[in-house]
Structures are given as structure tokens and as C-alpha cells.
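Geometric and topological summary
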Amino acid sequence: MHMIDSITALGARAINLVRGMGQAGIMLWGALVQVPRVKKGTPLLIKQIYVVGVQSMIIVVVSGLFIGMVLALQGYTILVDFGTEQSLGPLVALSLLRELGPVVTALLFAGRAGSALTAELGLMKSTEQLSSLEMMAVDPLRQVIAPRFWAGLISMPLLSLMFVAVGVYGGYLVGVSWKGIDDGAFWSILQAAVEWRQDIVNCLIKSVVFAWVVTWISLYRGYHSTPNPEGISRATTQTVVQSSLAVLALDFLLTALMFG
Amino acid sequence: MQLSWDEREWNHSSRATLQKSDANFKIPVQDFQTDSDMSQEQTALVEVNNLRFSRGSRVIYDDISLKIPKGKVTAIMGPSGIGKTTLLKLIGGQLTPDKGEVLFDGQNIHKLSRNALFEARKRMSMLFQSGALFTDMNVFDNVAFALREHSELPEAIIRRIVLMKLQAVGLRGAAQLMPSELSGGMQRRAALARAIALEPEMVLYDEPFTGQDPISMGVLVKLIKDLSDALSLTSVVVSHDVSEVLSIADYVYVIAEQRIIAHGTPQQLRQSDNPQLRQFIDGEPDGPVPFHFPADAYKEELLGAHD
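Residues numbered from 1 in each chain as written. Chains lettered and ligands numbered in written order. Predicted model: local features only at pLDDT ≥ 70, side-chain atom pairs only at ≥ 80, totals over all residues. Heavy atoms only, no water.

As recorded by an unreviewed UniProt entry, chain A carries the name Intermembrane phospholipid transport system permease protein MlaE and is attributed to Shewanella mangrovi. Per UniProt, the comment on chain A under Subcellular location (unreviewed entry) is "Cell inner membrane". Quoted straight from UniProt, the Function (unreviewed entry) entry for chain A says "Part of the ABC transporter complex MlaFEDB, which is involved in a phospholipid transport pathway that maintains lipid asymmetry in the outer membrane by retrograde trafficking of phospholipids from the outer membrane to the inner membrane. Probably responsible for the translocation of the substrate across the membrane." (UniProt positions renumbered as here; feature names shortened; annotations may be inferred.)

Here it is in C-alpha cells:
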């Protein structure tokens, strides 16, 4: 009996998972497959880019600075033993571009913007604002979901680049200003090591993929949350947990494809 | 007036057994419609025919039919938790029934394409229980929202319309406030202004009086009545506030136990001797609608062995 129960439970989870993915797909399809409305859509999009992107800038920039500094300090202590501390530039820049930039930005974005999106949508649902749009003959997918999705997709790659730039500067501060590596050597070796296609484009590809996944999960969790306080808090937690896991798993996959 | 109600059937002990033993047991519907009512029957804007709706395994409505006449205030009353809001959502096409149909001006709402449904929804509007104002816009923009979405009117005209609607609900002075700065009653009034912004033919009111202090309640009662008279709106009021509803409704349907247990004019309902209806109107704690949630026998649960 216990055996059958657990098999049933397993089956139910699988069905729920597939159903959830189906619902999420339908939601995104409904939001994106629309004739774009330039005049009415643009202000909505700009507002969301402000909320989702601009308001996440502080945490991204500050984290980037510290992560760059820590990276440089750790790198320096190891490299200096071999007398190769001048390679600090490429070490910091490549770590940030290839991995830490997109990944940490996505994790921060999930915590800062993703959870806010979920909570906002959950609240809009529980206060019947979404129903109210429906009854006013306005499609909530178009009015609410689409601008937020595009805003996430546009903001996150830009945030990642900012993270990397500030991180490199943090590395410069530690390596050159503090530890006394030669200024010219730091930049010239860095510049020689970083490739446009291999490093910068891959960084952007990763962060677009992460942006898609994190924003999608956040919007889905909010749009399909149980419309009460417990439901919203559960949905917010799920957003952060699932986005983070998805980002880390996808990062491994993408790294394997790009550099493997 | 024919009363087919048999009071003896509703004595407490037999109630449960009756329902169990006879699956087809139907609560007799009191039909108050007299011949004179029939002759002057108005054209119905909304017709609900043999509607059945369930959530999971729980049946919310089992075969209900009702008519909402044009230009009148129709009230739908019933205890909490029986899905009165659900009925409004079924009428608005946000939920789909298992069986039966909802006709809005002759069109089956649930058979319409999305575009046609949106066109139909432009002719109706709904006042949500919470007001459902958009929290990121001020009162003015909330009221202007539907106008900006659905009309090509220039901003100067939209401004005048919005101010007129706000004046009608007494909130012109609050146009620049955010919804969070309004009291509950004011939020509902602002939402009412938004609901009538596009001059709909029908307004669905979801529990408009719940949680209001006596003054806001009086204001809302007056507004609903005045709006429906002045604009000859068709109003559907879903509520369990008996005295307020009976004071403004032209016709009342009472729902309980998944079906309509009585309908008639407020006058007729007040005089009814249907015990279930009386309990509801007089607010008795126990009666045909039992005080206790269904449970096993009390004694056995207290004294019986657990396993």
C-alpha cells in the first residue's frame, strides 16, 4: 500500500511538472505572439526596464566590484609565487566574462528583480487586478506579462556587462593600485587575452539565455500563484530557488557547449 | 403564488438521510412569479440556462437558470462561500461552465471567439470586491485606463470624461491620489467610476457592501441605485447584505446548496415562509442551513477509539 502511494505521488509530481511547463509555455506564447503595439507598448516597456533593470543596477555594480576585488586578491597571492602576477588581468577578465559575470548577475537578478516580479504579479492576481483587466477587455498577457518579459531580456545582458566592467575595475584596483602590478602590463595583457567571439559574445549569449529563463520562471510563478499571502510567499521562494538552480544547470551546459 | 415546500422534510434529523438516500432529491424552488409578472416580463439582457459548474469534485452550481432583465437591478443573494463571485465570472466569460449556457444579449458568451468576447466585455463591466484598482496608477489614470485602451479620444476629452465620472462618485478631489491613499469605501467608489467610464450597458457588482462602514455603505447603495436609474444601467448585485440588497433590487434570486432556492421581488421574499430563506433573511444561526460543518457523530468521535 505504501509502495503504491509513493508511486502515485511520484506520478502526480511528474504530471504536475509537465502541466506546469505547459502552462508556462502557453503563457509565454500568449504574451509574445502578438502584433506589437508600438505606441501603447513602448511606455510600458520603458517603465518595466526601469523597474527591472535600472533598479537592479546598484546591487549588480556593488557585487561586481567586490567580486572583482576578491578574485584579483586571491589570484595575486597564487600568481605571485610563480612570478606571473602580470597575468592577473586576463585571469580576472576571463573569469568574469566567461562565468561569473552572467551567472552571478543572473542569480542576483533572480533575487532582486525575479522575486519582485513574482510578488507583484501574485499581488495583482490576488487583488483581482488581472481579472479586472480581463473584464475590461484588455489581455493581461499583453498588458502585463509581455513588457516585463522583454524588459528582463533587455536588462540582464546589459547588467552582466556592467558587472564584468566594474569587476575588472575592481581587479585593477587591487592588482595595480594596491599590489603594484605594472599598469601598462595589466591592461595590455588583458586586452590581448580577451577575444570578441570567444569571450564577449559567449558572455552575452549566456546572459540572454539566463534572462529568458529567470524572467520566464518569475512571471510564470507569479501569474499562476495561489492568490493569497501563503501562495505568494511560496511562489516568491520558488522563483528564487528554481531560477538559481536553472541558471547553474544551464551554465554548465552552455560552458560545455562553448568551451568543452 | 404556489408553494410546493414541505416543511417537514427539513426537520434536522431527516435532512442528511434524505440527501443520502435519494440522489435526485431536489429542493423545491419557490416560484413567486404570478401571472401579472409574467405578462410584463422585460427583455432579458443576460440569460443563464441550466448552468452547471464544478471545481474539481466540488459542485458549485447544479443546473441553475436565471434571467437578468434590461435596465433593472437584479440581486443574487446567498450565504458566503457558495460561489456568488463565480457566477459573475461565469457571466463575464472568465470561467467556463461544465454544462449549460450564458446568453449575453442573445450571444452565448462561452462560444464566442476571444475577439468577440472582448467586444462583449466592452459592453459590461465589473466592480470587484476589492476594488481591484491598478496599484501603480493614480485614481485619474485608473478611471482613464479603459478609455485610453479602447477609445481613440483625444486626451482633453478623456480628461473631461474622467472628471465627470469622478464627480459622480464624489471623488473628483481625489483624482491625483494613489489607490493606497484611499479608504476602502473610497477605493470602491473610484473603482465604480472606472467601471462606468466606458458607459457599459451592464455592471456586475461583486459584494459591493462587504466591509464598509455604515456611511460608505449608504453612499454605495445610493450610487448603485442612482446610476442604474440615471443611465438605465442593467445592474447585477451579488451580496449577502440582506437589508441593503432588498432596498435597491428590483428582483432577487437567492442561491444556496448549488441552486436557486427562491426568487421574487424584495416584497415577495420578505413575506415568504420558506424556512431556508427565512433563516437567511433573518440571520438565524441554526436552521435548515446547519450550524455544524458535516462531521461524524459527536459522541463517537469523543469517546471512540483512535487508530
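If you tally the helices and strands in chain A, you get 9 helices and 0 strands. Mapped in sequence order, the helices and strands of chain A form the string α-α-α-α-α-α-α-α-α. For chain A, the C-alpha atoms occupy an extent of roughly 65 × 60 × 30 Å along the three principal directions. Counting over 260 residues, chain A shows a buried share of 46%. Here the contacts in chain A between residues at least 6 apart in sequence split such that 84% fall between residues at least 24 apart. (Helix = DSSP H or I, 4+ residues; strand = E, 2+ residues; numbered from the N terminus. Buried < 20%, exposed > 50% of the residue type's maximum accessible area, 1.4 Å probe, protein only. Contact = heavy atoms within 4.5 Å.)

Let us now look at the UniProt feature "transmembrane region" (unreviewed entry) in chain A. Residue and element names in this part refer to chain A. Those residues carrying the UniProt feature "transmembrane region" (unreviewed entry) are residues 49–73, 149–178, 199–220 and 240–259 in this numbering. The annotated region residues 199–220 carries 100% helix and 0% strand content, and the separation between its end C-alpha atoms amounts to 31 Å. Between the end C-alpha atoms of residues 240–259 there is a gap of 27 Å, over a span that is 100% helix and 0% strand.

Side-chain positions along a regular strand alternate between the two faces of the sheet. Residues and elements named next belong to chain B. As defined by bridge partners, strand β2 (residues 44–55) adjoins strand β5 (residues 99–104) across 5 bridges and the pair is classed as antiparallel. Paired with V48 across the strands is V102, a residue of β5. Here β5 pairs with strand β6 (residues 107–108) via 2 bridges, running antiparallel. The partner of F104 across the bridge, within β6, is Q107. If you look at the hairpin formed by β5 and β6, you'll find 2 residues sitting between the two strands, and D105 has a positive phi there, around 50°. (Pairing = 2+ DSSP bridges.)

Looking now at the side chain of T86 of chain B. Relative to the helices and strands, T86 of chain B resides in helix α3 (residues 84–91). Discounting residues that sit within four places of it in the chain, T86 of chain B has contacts with F53, R55, Y61 and L95 of chain B.

Now for the interface of chain A and chain B. Facing 16 residues of chain A, the contacting portion of chain B comprises 25 residues. Buried surface at the junction of chain A and chain B, summed over both partners, amounts to about 1900 Å²; 51% is from carbon and sulfur atoms. Ranking the residues of chain A by area buried against chain B places E128, M135 and M136 of chain A at the top, with a combined share of 35%. Counting the contacts that link chain A with chain B gives 5 salt bridges. A salt bridge links R37 of chain A to E149 of chain B, with the nearest nitrogen and oxygen atoms 3.4 Å apart. Here the element with the most residues in the side of chain A that touches chain B is helix α5 (residues 129–135) of chain A; it accounts for 6 residues. Tallied by class, residues from the side of chain A that touches chain B come to 5 nonpolar, 5 polar and 6 charged. (Buried area = accessible area lost by both parts, 1.4 Å probe. Salt bridge = Lys/Arg side-chain N within 4 Å of Asp/Glu carboxyl O. Nonpolar A, V, L, I, M, F, W, Y, C, P; charged D, E, K, R; others polar.)

Moving on, we come to the pattern of salt bridges. All names here are of chain B. Scanning the model with the defined rule gives 20 salt bridges over all chains in all. Between E199 and K165 there is a salt bridge, with the nearest N and O atoms lying 2.5 Å from each other. Separated by 34 residues along the polypeptide, E199 in the loop between α7 (184–195) and β8 (202–206) and K165 in helix α6 (residues 155–168) bring together distant segments of the chain. Residue class for K165 comes out buried when judged on its relative accessible area of 9%.

Judged by pairing direction, the sheet is antiparallel, and its 4 strands sit side by side in the order β3-β2-β5-β6 (chain B) without closing on themselves. The sheet terminates laterally at β3 (58–69) and β6 of chain B, the two strands that pair on one side only.

Quick look at empty space enclosed by the protein now. Under the counting rule described, the total for this entry stands at 1 cavity of 30 Å³ or more. As a volume, the largest cavity reaches approximately 130 Å³. If you go around the largest cavity, you meet 15 residues; those closest to its centre are M136 of chain A together with M124, S125, R194 and A195 of chain B. Sorting the residues of the lining of the largest cavity by element identifies α5 of chain A together with α4 (114–122), β7 (124–127) and α7 of chain B as the ones contributing at least two each. Residue classes in the lining of the largest cavity are distributed as 10 nonpolar, 2 polar and 3 charged. (1 Å grid on protein atoms, 1.4 Å probe; cavity = no way out; pocket = protein on both sides within 12 Å on 5 of 7 lines; lining within 4 Å. Points joined across faces, edges and corners; volume = space filled by probe spheres on them.)

Glancing now at a nonpolar patch on the surface. On the surface, a nonpolar cluster with roughly 330 Å² of combined accessible area is contributed by M3, I4 and I7 of chain A. Within the secondary structure layout, I7 of chain A lies in helix α1 (residues 2–32). (Patch = residues over 30% accessible without salt bridge, like charges linked within 9 Å, V, L, I, M, F, W, Y side chains within 5 Å. Areas by Shrake-Rupley, 256 points an atom, 1.4 Å probe, with all protein chains shown as cover.)

Scanning the entire structure with this criterion turns up 8 aromatic pairs over all chains. Through pairs of rings, three or more aromatic residues link up here, namely Y169, Y172, F186 and W187 of chain A. In this structure, K179 of chain A packs its charged tip against the face of W178 of chain A, placed 4.3 Å from the ring centre. Positioned above the aromatic ring of F134 of chain B, the side-chain terminus of R194 of chain B is 4.6 Å from the ring centre. (Phe/Tyr/Trp six-rings, centres within 6.5 Å; stacked < 30°, edge-to-face > 60°. Lys NZ or Arg CZ within 6 Å of the ring centre and 35° of its normal.)

What follows covers the packing of α1 of chain A against helix α6 (residues 140–178) of chain A. All names here are of chain A. For the pair α1 and α6, interaxial distance at closest approach is 8 Å and the crossing angle is 95°. It follows that α1 is roughly perpendicular to α6 by the angle criterion. Each of M27, L28, G30, A31 and L32 in α1 lies in contact with α6, whose residues at this interface are L141, I145, A146, F149 and W150. (Axes fitted to C-alpha atoms, helices over the stretch in contact; angles between N-to-C directions. Parallel < 35°, antiparallel > 145°, perpendicular 65-115°, else oblique.)

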